[in-house]
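Close look at the chain arrangement
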Amino acid sequence: MKEGWKKGSAILVAVLCSVMLLVSAASPAAAAASAGVIESNASYHARRTFGTGLYDPVSNKTYVTYSGPVMDVYVKAFDHGNNAWEPAVRIKVWNDSISSAYHDYTTMVKLPDGRLGIFIFNHANTAYLLKAPYANSISGAWSTTNVSNDRNTYPMPVVSGNDVYLFYSRNDDSSYPYRTYRMIKSGDSGQTWSAPSTIIDTGKTADKFNEVYAFGVYEKWGRIYITWTMGGGPGGHNAEARNLYLAYLDTSDSTMRNAAGLNLKNTVDFGADLDSCLVAQSLPSSASTDYFAKHPIQNSQPSVDDDGTVYVGYGDESANGPGIKLARFTNGAWTISTVDSTSSRFMDMVKTGSHKFEVLYTSQDFTSILGKQTDNGGASWYAKYAYATPFGDSNGDRVFYINFIEGRSTVSAVGATINYAQRQLDYTGKWTVFALTR
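Criteria and thresholds
- Residues numbered from 1 in each chain as written.
- Predicted model: local features only at pLDDT ≥ 70, side-chain atom pairs only at ≥ 80, totals over all residues.
- Heavy atoms only, no water.
- Helix = DSSP H or I, 4+ residues; strand = E, 2+ residues; numbered from the N terminus.
- Rg over C-alpha atoms; globule rule 2.2 N^0.38 Å.
- Contact = heavy atoms within 4.5 Å.
- Areas by Shrake-Rupley, 256 points an atom, 1.4 Å probe, with all protein chains shown as cover.
- Lys, Arg positive; Asp, Glu negative; His and termini not counted.
- Charge placed at Lys NZ, Arg CZ, Asp CG, Glu CD.
- Pairing = 2+ DSSP bridges.
- Axes fitted to C-alpha atoms, helices over the stretch in contact; angles between N-to-C directions.
- Polar contact = N/O pair within 3.5 Å; in protein donor to acceptor, adjacent residues only side chain to side chain.
- Core = buried A, V, L, I, M, F, W, Y, C linked by side-chain atoms within 4.5 Å.
- Buried < 20%, exposed > 50% of the residue type's maximum accessible area, 1.4 Å probe, protein only.
- Salt bridge = Lys/Arg side-chain N within 4 Å of Asp/Glu carboxyl O.

A tally of helices and strands in the protein chain yields two helices and 30 strands. Its C-alpha atoms give the protein chain a radius of gyration of 20 Å, within 12% of the compact-globule value 22 Å for 438 residues. The principal-axis extent of the C-alpha atoms belonging to the protein chain is close to 60 × 50 × 45 Å. In the protein chain, once contacts between residues fewer than 6 apart in sequence are set aside, the share between residues at least 24 apart is 51%. Accessible area of the protein chain: about 16600 Å², with a carbon and sulfur share of 48%. Considering the protein chain, the positive charge centre built from 37 side chains and the negative charge centre built from 39 side chains are found 2 Å apart.

Structure follows, in structure tokens:
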């Protein structure tokens, strides 16, 4: 990043939205940056902290995906050579506008054969892979392959070496409620897939918190780290959620392990296994009518430092918060510090160097996009940036997701807005997709 503070009228140049760059007096430096609308035809989609897009050094382009009108699948490229966005391209007619269509969101990876792959689920039914016809390009007709019929929900694809792992919650019994966590694996860039393996399964316990909701994923040294909460409860399917957990899949022997490396064999079970994976206890406010109070963990993202130290960034709106939190596993235990006590709207975290991390979140009312950075493993933080949320000309009133771009270059993050009251009622594609550039 270039350093320095740009003064004067250059800061006031109009973009498609109101943009504001603020820097804390404690900040050692600030990057010249902007936040602006790149598309205005998005629908609501329940994306996690990953999968929006990636930077491809071969083509020198950043590729992103989003769900447009009636959840049709779009891809869009930023050409770094020309320093410009290319027109969005619709690659798949999805045509879903029922109230739960937002579950059918897209998640992008670059497959080992160099082609882009986008996973999309017909929620709680079928998993599909949309695959580009050429490596390092979005041009041409994309193929569509049914890769699983395992009541798949919430795609979490991860590429590790020459293998592609597709993790997902399985909708075993929403009436109980009960969802296990499973995966399938491909060694040939998505042409064939293994049978499903269950990696988290609490069974049906009396308290009914038996739905695995995974939010973050991170791969390093052949270990795939996953963070999740347990949803359900006496009120039924996803009525509440509690606690934050972490475990990783060791791809060398297909075992699940907790942060300390304890071998949990093939599946994290209820009881001692699950307890050993606890990062932070965060309990729902059952008496509240507020969704966030009932689901206090608001996104989470794991990461691993160069020395192997495991970190998790997350938002917490329980009695422990509200706050943007950082958990750090050292000396066999998790220690938790607060990054920002004014908001719990965590969006993403990225490692930027040894002991260096950035967190991305919004203000509690979603009107501002905020970021902080640490250069010492979370011991101290400084403000990185603050922007007014790019709602454009839409009637959007909040950010639903912002993802850091994998292998990011000029485009550091991409997000989208929604109108909260209309999000499940209007799939005409009227809300903004925006990018943070530097």
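With that settled, the discussion passes to the sheet that holds strand E29 (residues 411-418). The strand order across the open sheet built from four strands is E1-E30-E29-E28, with neighbouring strands paired in antiparallel fashion. Every other strand in the sheet has two partners, leaving strand E1 (34-42) and strand E28 (398-404) as the edge strands with one partner each. On average, each strand axis in the sheet is inclined to that of its neighbour by 25°, with strand direction left out of account. Summarising the sheet, E29 and strand E30 (residues 431-437) pair through five bridges and their orientation is antiparallel. Bridge pairing in E30 links Val414 to Ala435.

Turning our eyes to something else, we now look at the side chain of Thr267. Residue position: Thr267 is located in the loop between strand E17 (255-257) and strand E18 (268-269). Of note is the side chain of Thr267, whose polar atom sits 2.9 Å from the backbone oxygen of Thr198. Among all residues touching Thr267, those that are not within four sequence positions of it are Thr198, Ile199, Ile200, Asp201 and Asp273.

Pairing in this open sheet of four strands is antiparallel, and the strands run E24-E25-E26-E27 from one edge to the other. Pairing within the sheet leaves two strands with one partner each, and these edge strands are strand E24 (345-353) and strand E27 (382-388). On average, each strand axis in the sheet is inclined to that of its neighbour by 15°, with strand direction left out of account. Pairing geometry for E24 and strand E25 (residues 356-362), over seven bridges, is antiparallel. Across the sheet, residue Phe346 finds its bridge partner in E25, namely Tyr361.

A word on the nonpolar core. Formed by 27 residues in total, the largest nonpolar core has its most connected members in Leu116, Ile118 and Trp142. Looking at this core, the elements that each hand over two or more residues are strand E4 (73-79), strand E8 (116-122) and strand E14 (211-220). By size, the runner-up hydrophobic cluster in this structure holds 24 residues, among which are Phe167, Leu249, Leu264 and Val268.

Here we take up the environment of Gly378. Relative to the assigned elements, Gly378 resides in the loop between strand E26 (368-374) and E27. Gly378 gets classed as buried once you look at its relative accessible area, which sits at 12%. Gly378 sits 20 residues away from Glu358 along the chain, and the two C-alpha atoms are 9.8 Å apart. Here Gly378 is in contact with Leu326 and Ser337, once residues within four sequence places are set aside.

What follows covers the pattern of salt bridges. Within the structure shown, the criterion is met by 19 salt bridges. A salt bridge links Asp56 to Lys110; the shortest N-O distance between them is 2.6 Å. Remark: Lys110 occurs in strand E7 (residues 106-110) and Asp56 occurs in strand E2 (residues 53-56); sequence separation between them is 54 residues. A relative accessible area of 1% means that Asp56 is categorised as buried.

Further remarks concern unusual backbone geometry. Residue Pro177 follows Tyr176 across a cis peptide bond; omega there is 10°. Inspection of the secondary structure assignment puts Pro177 in the loop between strand E11 (163-173) and strand E12 (178-186). Unusually for a residue other than glycine, Lys265 sits at a positive phi of about 65°. In this fold, Lys265 is placed in the loop between E17 and E18. Look at Lys265 and you get exposed, because its relative accessible area is 62%. A positive phi angle is found at Asn299, which is not glycine, with a value near 70°. Within the secondary structure, Asn299 is located in strand E20 (residues 297-304).

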